[in-house]
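Okay, here's what each chain looks like letter by letter:
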Amino acid sequence: MPSANLTMITPVEHCRSCGRPIVWAETAAGKRIPLDPEPSERGNVTASLHTGVLHAGVVRGPQRDGLRAAHQPLYLSHFTTCPDADTWRTNR
Ligand SMILES: [Zn+2]
């Protein structure tokens, strides 16, 4: 399986709160969200690069199970994993 680390395909930034690497992705609604660049077993976000933009899609339930069974990499929003997530919420 090729590397699923998103830092291979899109620029890396660092979280202003905790300093961990993040990549920015855009949801179907056009909202930008930070993702952890490494796939996670608990991941629920698909990431794919189209015309230079990293697109994120949240998957749930059977869809998520199906992707996981197919060994598709799934990512987590950094909002979920950031140790300083409270800062993210209050600074919006
Ligand atoms: Zn962080």
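Right above here is the structure, for reference.
Peer 1: Lay out the coordination of the zinc ion with the relevant residues and their values.
Peer 2: The protein atoms donating to the zinc ion are Cys15 (SG), Cys18 (SG), His78 (NE2) and Cys82 (SG), with metal-donor distances spanning 2.1 to 2.4 Å. Viewed at the metal, the four donor atoms of the zinc ion are separated by angles of 101 to 120°, and the geometry they form is tetrahedral. The class of Cys15 is buried, set by a relative accessible area of 4%. Here Cys18 falls in the partly exposed class, since its relative accessible area comes to 25%.

Peer 1: Provide a residue-level description of unusual backbone geometry, including the pertinent values.
Peer 2: One non-glycine residue, Thr51, lies in the positive phi region at around 45°. With respect to the helices and strands, the residue Thr51 is situated in the loop between strand S4 (45-50) and strand S5 (53-58). Located in the positive-phi region is His71, a residue other than glycine, with phi close to 60°. Relative to the helices and strands, His71 resides in the loop between helix H1 (61-69) and helix H2 (78-81).

Each value, and the rule that gives it
- Residues numbered from 1 in each chain as written.
- Predicted model: local features only at pLDDT ≥ 70, side-chain atom pairs only at ≥ 80, totals over all residues.
- Heavy atoms only, no water.
- Donors = N, O, S within 2.8 Å, 3.2 Å for Na, K, Ca; no water.
- Tetrahedral: all angles 85-135°; square planar, octahedral: opposite > 155°, others 65-115°.
- Buried < 20%, exposed > 50% of the residue type's maximum accessible area, 1.4 Å probe, protein only.
- Helix = DSSP H or I, 4+ residues; strand = E, 2+ residues; numbered from the N terminus.

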